[in-house]
Amino acid sequence: MEIPDAPAATPGAALATIGGRPIDTELTRSENRLILVAGDLTVTVFGETATGERVALDEDGVLRLDEGDSVVVDGSGFEPDITFELWMMSTPTALGELVTDPNGAIEGRFGIPVTMEPGEHRIVLSGS
């Protein structure tokens, strides 16, 4: 996997680009999920503990994960059969791949690597 060229975002913010161009996005929070809407695309991200409980967003609406937690991603509005990579950025770390189904939807659960340094990281979904 090649490290994606992703725009920088501050904690609690979201950005999206298509074809290298920024697009308007709306980020909302509901039921401890981050929901990004960009045009016809919707991507939801949340954390889950090893026991299957959803991780609460902090008081600023930021997702804070611990070792042993997973990041869960689902989305819709994509073209069918597109491969996406999920990354944690600061020290770029590939978490895995997602492939859109025939309806253009994705869904996946990825463990946080034990090698991930504590601190602020961005979650990046990259595909073409």
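The sections below set out a description of the structure shown in this document. (Residues numbered from 1 in each chain as written. Predicted model: local features only at pLDDT ≥ 70, side-chain atom pairs only at ≥ 80, totals over all residues. Heavy atoms only, no water.)

### Digging into the pattern of salt bridges
So, step 1. Within this structure, the stated rule accounts for two salt bridges.
So, step 2. Of the charged contacts in the structure, one is a salt bridge between Arg109 and Glu48, with a shortest N-O distance of 2.7 Å. One end of the pair, Arg109, is in strand S9 (residues 106-111); the other, Glu48, is in strand S5 (residues 41-48), with 61 residues separating them in the sequence.
So, step 3. The exposure class assigned to Arg109 is partly exposed, which follows from its relative accessible area of 49%. (Salt bridge = Lys/Arg side-chain N within 4 Å of Asp/Glu carboxyl O. Helix = DSSP H or I, 4+ residues; strand = E, 2+ residues; numbered from the N terminus. Buried < 20%, exposed > 50% of the residue type's maximum accessible area, 1.4 Å probe, protein only.)

### Regarding the sheet that holds strand S8 (residues 93-99)
So, step 1. Across the sheet, three strands lie side by side as S8-S7-S10; this open sheet has antiparallel pairing. Strand pairing shows two members of the sheet lacking a second neighbour, S8 and strand S10 (122-127), which therefore form its edges. Averaged over neighbouring strand pairs, the angle between their axes works out to 25° when direction is ignored.
So, step 2. Sheet topology note: the strand S7 (residues 83-89)/S8 ladder contains six bridges and is antiparallel. Counted as the bridge partner of Phe84 is Leu98 from S8. (Pairing = 2+ DSSP bridges. Axes fitted to C-alpha atoms, helices over the stretch in contact; angles between N-to-C directions.)

### Side note on the nonpolar core
So, step 1. Among the nonpolar cores identified, the biggest contains 20 residues, and Val71 and Val73 are the most heavily contacted of them.
So, step 2. When contributions to this core are tallied by element, the ones reaching two or more residues are S5, strand S6 (70-76), S7, S8 and S9.
So, step 3. In this view, Val73 contacts Val43, Thr44, Val45, Leu86, Leu98, Ile106, Glu107 and Gly108; residues no more than four positions away in its chain are not counted. (Core = buried A, V, L, I, M, F, W, Y, C linked by side-chain atoms within 4.5 Å. Contact = heavy atoms within 4.5 Å.)

### Some words on unusual backbone geometry
So, step 1. Its identity is not glycine, yet Glu31 carries a phi of approximately 50°, on the positive side.
So, step 2. With respect to the element layout, Glu31 can be found in the loop between strand S3 (26-30) and strand S4 (33-38).
So, step 3. Within the chain, Asn32 stands out as a residue other than glycine whose phi angle is a positive 60°.
So, step 4. Looking at the element boundaries, Asn32 is found in the loop between S3 and S4.

### Description of the pairing of S7
So, step 1. By the criterion of burial, S7 is predominantly enclosed, with six of the seven residues buried.
So, step 2. Judged from the six bridges that link them, S7 and S10 form a sheet pairing that is antiparallel. Considered in S10, the bridge of Met88 is made with Ile123.

### A closer look at the sheet that holds S5
So, step 1. Within the open sheet, the five strands sit side by side as S3-S4-S5-S6-S9. Their pairing is antiparallel. Bordering the open sheet on either side are S3 and S9, each of which pairs with just one other strand. Between one strand axis and the next, the sheet turns through 15° on average, direction left out of account.
So, step 2. Here five bridges tie S3 to S4, and the two strands are oriented antiparallel to one another. Its bridge partner lying in S4, Leu27 is registered against Leu36.

Worth remembering: the numbers are spatial, not functional.
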